[in-house]
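Fold and contact review
Residues per chain, in single letters:
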Amino acid sequence: MHELSIVLNIVEIVEKEAFKAGAESVSAIELDIGKLSTIEPAAFEFAWKHGIRDSVLEMSQLKMNYISGRGKCSECDTLFEMNELYDPCPECGSFFSEIMEGKEMNIKSIRIEERLET
Amino acid sequence: MCITCGCGTDSAQIVKKDRHHKHSHGSQNGELHSHDHHHHHDHEAPHGHDHSHSHTQNETRQHNTESRMIHLEKDILHENALLAARNRGYLDAKGILAINLVSSPGSGKTMLLERTLTDLNEELMFSVIEGDQQTTVDADRIEATGTNAVQINTGKGCHLDAHMVMHAIRDLKPAEESVLFIENVGNLVCPSMFDLGENERVVIISVTEGDDKPLKYPDMFLTSESCIINKIDLLPYVPFDCDKLIENAKKINPNLTFFQVSCTTGEGLDSWYDWLRECSSGLKNG
């Protein structure tokens, strides 16, 4: 259940950013999560609901961008779609490959709400 | 309060042992040091701010607030990565070889340590960080071999992180040019994501677990440098094919080094010990 740790890390980063920006609340957050990143979407959603309670993210709208895996064969340089970490190169069959995309775990952006002076 | 991170009170606990009385076991004699592993560092990565205002969002608040988008592009485990780099730098400067042992519960991590610490006692200096959700049972077992150990109790946490290890290293004060074993919480998924600042990550699998495990839990095999296949003395009694396990693990990580051992009979431990000696002297010399 590392998803809860991940959610708590997100809360911590966002609270710090929101405080720095003088925000009253955070209305939206967008995450880039790689499909090869060990984040299980159902477990993440469950952890999200509990992890954001009483935080600046409590009322925020969550947008998840799931990024497909892409590998580059270390033998023949072929770029290929990687659904599992053990997918071999479709051209030469080698398991020696580099993961180019799909391991992301990033906070892309947040939308903060600021109180107007007037 | 921790000066590095400002942590106060919360879940993970480091149970300090009285190092001058290594053989007095009782889990009650340790001093409890409680701290919050949800830290509040102030390391900032550069990020862009978009100052274009939108008044179309959040209808309920649009009369007294305005929205602003902040583009962060920030790694969620950024803080852990910073602390891991800090641990790595400290250990590197002291010539300490740090090995993170990861596996499912019951694969024999603690017994492997007991054997290793006892057998190489004359040659190498060791210390051990034990990670478990509860109890000091494992640290007590390690201390019975005469090795300094600290126990981290993660409470409900399913893995160690770089912050817990930073505090444990502070308490343990491992000697220069020694070997520091970090026995992670028994879990084949979560610990794979958390760099602790180790030099080597070693995944342990026992023959009672099934040779298809690397395919079921690929991340741990992807992020490890070596794989120990333990309890090979039980091979006659279980349907486990070592070659199949190696083949499956190599599909995920073709660079893995394998050791086939039995901590009960001692079979195969020599090659593990040779590897340890080699890694340790490699670090000292360079």
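For clarity, every value in this text was computed on a predicted model and none was experimentally measured.

1. A word on the nonpolar core
In terms of nonpolar packing, the biggest core is built from 28 residues, with Ile6, Ile10, Ile29, Leu57, Ile107 and Ile110 of chain A touching the most fellow members. Looking at this core, the elements with two or more residues in it are α1 (2–20), β1 (25–34), α2 (41–51) and β6 (105–115) of chain A together with β4 (65–75) of chain B. Every residue in contact with isoleucine 10 of chain A, bar those within four places of it in the chain, is listed here: Ile29, Leu31, Phe44, Trp48, Leu57 and Ile107 of chain A together with Ile76 of chain B. The next biggest cluster of nonpolar side chains, apart from the first, holds 27 residues, and it includes Ala149, Ile204, Ile228 and Phe259 of chain B.

2. Structural notes on the packing of aromatic side chains
Residues and elements named next belong to chain B. Within the structure shown, the criterion is met by 6 aromatic pairs over all chains. For the ring pair phenylalanine 126 and phenylalanine 181, a centre distance of 5.7 Å and an interplane angle of 15° mean the geometry is stacked. A residue pair is termed long-range when its members are at least 10 positions apart, and phenylalanine 126 in strand β6 (residues 126–132) and phenylalanine 181 in strand β8 (residues 179–183) qualify at 55 residues. The same class applies to phenylalanine 126 as to phenylalanine 181, namely buried. An angle of 65° between the planes, with centres 5.7 Å apart, marks the rings of phenylalanine 259 and tryptophan 275 as edge-to-face. Taken as a pair, phenylalanine 259 in strand β11 (residues 257–260) and tryptophan 275 in helix α8 (residues 269–284) lie far apart in primary sequence, 16 residues in all. Like phenylalanine 259, the residue tryptophan 275 is buried in the burial classification. An aromatic cluster of three or more residues is present, and its members are Phe126, Phe181, Phe259, Trp272 and Trp275.

3. Regarding the sheet that holds strand β3 (residues 69–73) of chain A
Residues and elements named next belong to chain A. Read across the sheet, 3 strands follow the order β4-β3-β5 without closing on themselves; strand pairing throughout is antiparallel. Lying at the two open borders of the sheet, with one neighbouring strand each, are β4 (79–82) and β5 (97–101). Neighbouring strand axes in the sheet, compared pairwise and without regard to direction, differ in orientation by 35° on average.

4. Describing the pairing of strand β2 (residues 61–67) of chain A
All names here are of chain A. Here 7 bridges tie β1 to β2, and the two strands are oriented parallel to one another. Bridging from a neighbouring strand, alanine 28 pairs with glutamine 61 of β2. For the crossover from β1 across α2 to β2, the handedness is right-handed.

Calculation criteria
- Residues numbered from 1 in each chain as written.
- Chains lettered and ligands numbered in written order.
- Predicted model: local features only at pLDDT ≥ 70, side-chain atom pairs only at ≥ 80, totals over all residues.
- Heavy atoms only, no water.
- Core = buried A, V, L, I, M, F, W, Y, C linked by side-chain atoms within 4.5 Å.
- Buried < 20%, exposed > 50% of the residue type's maximum accessible area, 1.4 Å probe, protein only.
- Helix = DSSP H or I, 4+ residues; strand = E, 2+ residues; numbered from the N terminus.
- Contact = heavy atoms within 4.5 Å.
- Phe/Tyr/Trp six-rings, centres within 6.5 Å; stacked < 30°, edge-to-face > 60°.
- Pairing = 2+ DSSP bridges.
- Axes fitted to C-alpha atoms, helices over the stretch in contact; angles between N-to-C directions.
- Right-handed = clockwise from strand over helix to strand, strands pointing away.

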